[in-house]
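These are the residues of each chain, in order.
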Amino acid sequence: MDIIVIDNFFPDKIAQSFCDVMAKQKFEFYWPGDNAVPNFHWHIKDCPMAFAVHTHMPEKLIGKLRLCDFYSNSHTHGVYPSKHSDFQSGAGKAYTAIYYPEMEWKEEWGGGLYIFNDDKVHRLIGYKGNRLVFFDASYDHQAAGIMPAANYLRISNVLKYSSDIGDGFVPLDFTKIT
C-alpha cells in the first residue's frame, strides 16, 4: 500500500497563518457525504483554504492528476465519521490528499487517520499540524476518535484527485472559487 506522509508541508510561518485562518472558518454540521453511511462531522464545501493546499502540491506527487473535489472537515470528541473510501466509479486512478492545519494539536488527543486493508487497520497516521497524507482513494479510511481533553477542532483539508474525469466526476469550475 502506497501511503505518502509529508511533515512540514508549508514553511512554519505559512503553516501558522493557515492554521489561524482555518480556526475562524464556519463549518456546517452533519455533512451527509457521498456514501450510503452517514458521516457525523462538520464540513465546508469548496473551502478556499483546502484549494490553497492544492496550489502548493508538489508536481512530482500529483503529476497530471486533476483536482476533482476539495473541502474541509472538522471533528470534536464524540463525533465519529464512518469508514469509507473516496473512490468513485469512472474516476480512473484516484487519490486522496489530507492536510492537517492545527499546529497546537497534541498527540495524546488522538484524531489520527486509520487506513484499512481487508477490513483490518493497516496503518494509523497520527494527526500532526502541517502534515499532508496522500494515498490511493480506493483505500478504506476513517478519522480516529478524539479524546475529551482536546482543546481544538480536528480540522482536515481534503483534496480528491483523478487521472481521468469519467462518469463519476464533473470538472471543477474554478471561477466560482472565492
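We now turn to the structure provided with this report. (Residues numbered from 1 in each chain as written. Predicted model: local features only at pLDDT ≥ 70, side-chain atom pairs only at ≥ 80, totals over all residues. Heavy atoms only, no water.)

1. Re the pairing of strand 7 (residues 120–125)
Argument step 1. In terms of strand pairing, strand 6 (residues 113–117) meets strand 7 through five bridges, oriented antiparallel. Following the sheet pairing, Phe116 is matched in strand 7 by Val121.
Argument step 2. The antiparallel hairpin formed by strand 6 and strand 7 contains two residues in its connecting segment, where Asp118 sits at a positive phi of about 55°. (Pairing = 2+ DSSP bridges. Helix = DSSP H or I, 4+ residues; strand = E, 2+ residues; numbered from the N terminus.)

2. Examining the pairing of strand 10 (residues 154–162)
Argument step 1. With respect to burial, strand 10 is a largely interior element, nine of its nine residues being buried.
Argument step 2. Across the two faces of strand 10 the burial is the same, with Arg154, Ser156, Val158, Lys160 and Ser162 and Ile155, Asn157, Leu159 and Tyr161 all buried.
Argument step 3. The sheet contact formed by strand 4 (residues 66–75) and strand 10 spans nine bridges and is antiparallel. Across the sheet, residue His75 finds its bridge partner in strand 10, namely Arg154.
Argument step 4. In the sheet, strand 5 (residues 94–100) pairs with strand 10 via six bridges, with the strands oriented antiparallel. (Buried < 20%, exposed > 50% of the residue type's maximum accessible area, 1.4 Å probe, protein only.)

3. Here we look at the packing of aromatic side chains
Argument step 1. A complete count under the given rule lists 14 aromatic pairs for this structure.
Argument step 2. A centroid spacing of 5.2 Å and a plane angle of 85° characterise the contact between Trp105 and Trp109, whose relative ring orientation is edge-to-face.
Argument step 3. By relative accessible area, Trp105 is classed as buried at 9%.
Argument step 4. By relative accessible area, which is 5% here, Trp109 ends up buried.
Argument step 5. A connected cluster of aromatic rings, assembled from ring pairs, spans Tyr100, Trp105, Trp109, Tyr127 and Tyr152.
Argument step 6. Over the ring of Phe116 we find Lys83; its NZ or CZ atom is 4.6 Å from the centre of that ring. (Phe/Tyr/Trp six-rings, centres within 6.5 Å; stacked < 30°, edge-to-face > 60°. Lys NZ or Arg CZ within 6 Å of the ring centre and 35° of its normal.)

4. Looking at the sheet that holds strand 4
Argument step 1. Strands sit in the order 1-8-5-10-4-3-2 across an open sheet of seven strands; the sheet is antiparallel. The outermost strands of the open sheet, each flanked by one partner alone, are strand 1 (3–7) and strand 2 (28–29).
Argument step 2. Pairing between strand 3 (residues 42–45) and strand 4: four bridges, direction antiparallel. The partner of His43 across the bridge, within strand 4, is Asn73.
Argument step 3. On top of the sheet, helix 1 (residues 12–22) reaches strand 4, strand 5 and strand 10; it is set at about 105° to strand 10, its chief contact. (Contact = heavy atoms within 4.5 Å. Axes fitted to C-alpha atoms, helices over the stretch in contact; angles between N-to-C directions.)

5. Some thoughts on the pattern of salt bridges
Side chains that differ in charge, positive against negative, can pair when their charged atoms come close.
Argument step 1. A full pass over the atoms with the stated rule returns six salt bridges.
Argument step 2. Members of the salt-bridge network, linked through shared partners, are Asp7, Lys128 and Arg131. (Salt bridge = Lys/Arg side-chain N within 4 Å of Asp/Glu carboxyl O.)

6. Structural notes on helix 1
Argument step 1. Buried residues of helix 1: Ala15, Phe18, Cys19 and Met22, and no others. One side of helix 1 holds all its buried residues, which, seen down the axis, span an arc of 100°.
Argument step 2. The secondary structure elements touched by the buried residues of helix 1 are helix 2 (48–54), strand 4, strand 5 and strand 10. (Arc of directions from axis to C-beta.)

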